[in-house]
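# Architecture and fold: a report
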Amino acid sequence: MNKYSILFLLFLFNLIISASDFKQVFKNLTPDQMPLQFAGNQGVISMGFGYSYTMFKRNRTTDLMYGYIPENISGTDLHIFTLKNTIKHDFCKLRDTIIIVATFNLNTICTISHNTHLMWPDHYPDGYYFTNAFHLQPSIGLEIKMHQDNHTNISKLSFYSELGILDQHTYHYIKTGRVSLLNSINLSLGCIYSFKNNATEIGGKDH
Amino acid sequence: MFNSTNYIFMIFVLVSITGCSVFEYSPYDDNLNTSIRNSNLKNISRIQDILTEVEADSFNFAIISDSHSDYDDLHEVVKKINSHSDIKFTIHLGDQTDLGLKFEFENSLNELNNLKFPYVAIIGNHDYLSQGESIFEMIYGKTNFSFQIGTNNFIGFDNIVWENNNSRPNFEWLKNELAGLEGNKFLLMHLTETSNSMELYKEEYLSIINNIQDLYRFHGHTHVLDIDWPRVVAPMTSDRIIPVISVRGNIVSYYLLEPK
């Protein structure tokens, strides 16, 4: 089983647990949204597709994103796959047309690069290292979207910013008092094009 | 009219904009926040300056290893070394990171830069992971290097195998460095010859160092203090035991700084 099969299975697993029955898995395969993000440990720019659903009475989205950083920026080619799980909570309305949504994200970031491994090469004894290709990044954010009843394209666009912290920083912070957690926080910006109309999503609906 | 949710929103926006945070593209890239480059070469020059002011053949130096992400312990070890003004420089024998990530190198640098006297770093197997090798080379310089202090010869040898594309250490370079040297020879490297990854190359390595007079070998990697003089394996910094090597002409000995 290669690295890409594992990623696909992880993604499929997310879809399965988000669906109420198995048929729903196939129905869910048509993406609901297309996110585009700047930074956030997912590459300079990352983009992909995602699905929205409701679980435990919360609006959620799961996005699969791909980011790339060329050698001249990062020192080596980096291919970054991110599985982004988001819980959304309508936060407030501004002037009845703009909705502010609070987002709570858990990003699973997998980087294919020089000397990062999902499966370690054969010359390593079993269990010598844990995989160094995966990182988790929890983040909180705010998403701004238009609340319009018409089906214009602009109403399908939303913009967000997120503050995240990588697992390794948290580990260092917990393990030692010598690392500042505040300095480890990173900022990302992004936008989401929803294939659905935002107005129909507010309040969420079960698939 | 602002309500509490608006205030929370405004705080979030302000925190985002005022830059408590930065844009991070990947933990694996080599965009270092530190401007320190080629530190080994600069520090070797500083060591040579310091020791010519006193006596180049009479000095003490400390060896530490495997600090990984134990920054508390590294901090204490640095404090301990600083409290002994007779220690004129320190050698870190590798593994100053867990995963070879840029911020791990930077966190270690934050502690090591508090050393009163200069330090020289050797690359470890963990430092090789991810993009660690190139980050190490940016911060410290070449992974194989040598320098002289008076008649004392120091050889920093990169003997990492598995993490270095499972490749054979550059023994030709080591042979050349050792050839014809007079005086004390201090061989600094991370892996011991008994490490699993050195299994294939153990005999070749031993045949190179065999019969070399006044050769002192210093290793890390095992995390456990092991002294079979003139061979010392430094413990991990969390043990807070610091071997100090005393050079007095051609007489070389050691003592240990131990926690109280």
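Residues numbered from 1 in each chain as written. Chains lettered and ligands numbered in written order. Predicted model: local features only at pLDDT ≥ 70, side-chain atom pairs only at ≥ 80, totals over all residues. Heavy atoms only, no water.

## Description of the overall build of chain B
Stated formally: Numbering of helices and strands starts at the N terminus; helices are DSSP runs of H or I of at least 4 residues and strands are runs of E of at least 2. By the convention used here, residues are in contact when the closest approach between their heavy atoms is within 4.5 Å. Surface accessibility follows the Shrake-Rupley procedure with a 1.4 Å probe radius. Residue values consider only the protein chains on display as shielding.
Per the secondary structure count, chain B includes eight helices and eleven strands. Counting only contacts in chain B whose residues sit at least 6 apart along the sequence, the fraction spanning at least 24 positions is 74%. Element-wise, carbon and sulfur atoms account for 50% of the exposed surface of chain B, whose accessible area totals about 10,700 Å².

## A word on the pattern of salt bridges
The condition that has to hold: The term salt bridge refers to a pairing of a side-chain nitrogen on Lys or Arg with a carboxyl oxygen on Asp or Glu at a separation within 4 Å. To sort residues, take the accessible area from a 1.4 Å probe on protein chains only and compare it with the maximum for the residue type: under 20% means buried, over 50% means exposed, and anything in between is partly exposed.
On inspection of all chains with the given rule, the structure shows 13 salt bridges over all chains. Among the salt bridges present, the one from Glu143(A) reaches Lys88(A), with a minimum N-O distance of 2.8 Å. Taken together, the residues Glu143(A) in strand β6 (residues 134–146) and Lys88(A) in strand β4 (residues 78–94) connect sequence positions 55 residues apart. In this pair, the class of Glu143(A) matches that of Lys88(A), namely buried. For Glu204(B), the salt bridge identified is with Arg168(B), shortest N-O distance 2.5 Å. Remark: Arg168(B) occurs in the loop between β5 (152–157) and α7 (171–178) and Glu204(B) occurs in helix α8 (residues 202–209); sequence separation between them is 36 residues. For Glu204(B), a relative accessible area of 26% translates into the label partly exposed.

## With respect to the pairing of β6(A)
To keep it simple, the criterion reads: Only when DSSP finds a minimum of two bridges between them are two strands counted as paired.
Pairing between strand β5 (residues 98–112) of chain A and β6(A): 13 bridges, direction antiparallel. Within β6(A), the position partnered with Thr108(A) by the bridge is Leu136(A).

## Concerning the nonpolar core
When a protein is soluble and globular, its nonpolar side chains tend to lie buried together. All names here are of chain B. So the rule is basically this: By convention a nonpolar core is built from buried Ala, Val, Leu, Ile, Met, Phe, Trp, Tyr and Cys residues, the set being connected through side-chain atoms within 4.5 Å.
The biggest cluster of nonpolar side chains holds 45 residues, and the ones touching the most others in it are Ile81, Tyr140, Leu174, Leu187, Tyr205 and Ile242. Not counting residues up to four positions away in its chain, the partners in contact with Leu174 are Ile155, Phe157, Leu187, Tyr205 and Ile208. By size, the runner-up hydrophobic cluster in this structure holds 25 residues, among which are Leu93, Ile149, Val232 and Val247.

## Observations regarding the packing of aromatic side chains
To keep things clear, this is the line we draw: A pair of aromatic rings is counted whenever rings of Phe, Tyr or Trp (Trp by its six-membered ring) have centres within 6.5 Å, and the orientation is called stacked for planes under 30 degrees apart, edge-to-face for over 60 and tilted otherwise.
Per the stated rule, a full pass over the model turns up 32 aromatic pairs over all chains. With 6.1 Å between their ring centres and 90 degrees between their planes, Phe49(A) and Tyr51(A) make a pair best called edge-to-face. You can call Tyr51(A) buried: its relative accessible area is 4%. An angle of 40 degrees between the planes, with centres 4.9 Å apart, marks the rings of Phe136(B) and Tyr140(B) as tilted. Judged by relative accessible area, Phe136(B) falls into the buried class, the value being 0%. Aromatic rings pair up to connect Phe59(B), Phe61(B), Phe89(B), Phe145(B), Phe147(B), Phe154(B), Phe186(B), Tyr216(B), Phe218(B), Trp229(B) and Tyr254(B) into one cluster.

## Considerations on the interface of chain A and chain B
Note the threshold: Definition of a polar contact: a pair of N or O atoms within 3.5 Å, with one able to donate and the other able to accept a hydrogen when the atoms are protein atoms, and with sequence-neighbouring residues admitted only if both atoms are side-chain atoms.
At the junction of the two partners, chain A supplies 54 residues and chain B supplies 42 residues. For the pair chain A and chain B, the number of links is two salt bridges. Residues Asp70(B) and Lys175(A) are paired through a salt bridge, measuring 2.9 Å at the closest nitrogen-oxygen approach. For the pair chain A and chain B, the number of links is 23 residue pairs in polar contact (both at pLDDT 80 or more).

## Description of the environment of Ser46(A)
Residue and element names in this part refer to chain A. Residue placement: Ser46 occurs in strand β2 (residues 45–55). Residue Ser46 is classed as buried on the basis of its relative accessible area of 1%. Remark: the alpha-carbon pair of Ser46 and Gly190, spanning 144 residues in sequence, is separated by 9.2 Å. Apart from residues no more than four positions distant in its own chain, Ser46 is found in contact with Pro35, Leu36, Gln37, Met65, Tyr66 and Gly67. In this structure the side chain of Ser46 is engaged in a polar contact, spanning 3.0 Å, whose partner is the side chain of Gln42.

## Brief notes about α8(B)
All names here are of chain B. Operational definition: By arc we mean the arc of the directions from the helix axis to the C-beta atoms, nothing more.
Buried within α8 we find Tyr205, Ile208 and Ile209. Viewed end-on, α8 has its buried residues packed into an arc of 90 degrees, placing them on one side of the element. Residues of α8 that are buried sit in contact with α7, β6 (185–189) and β7 (215–219).

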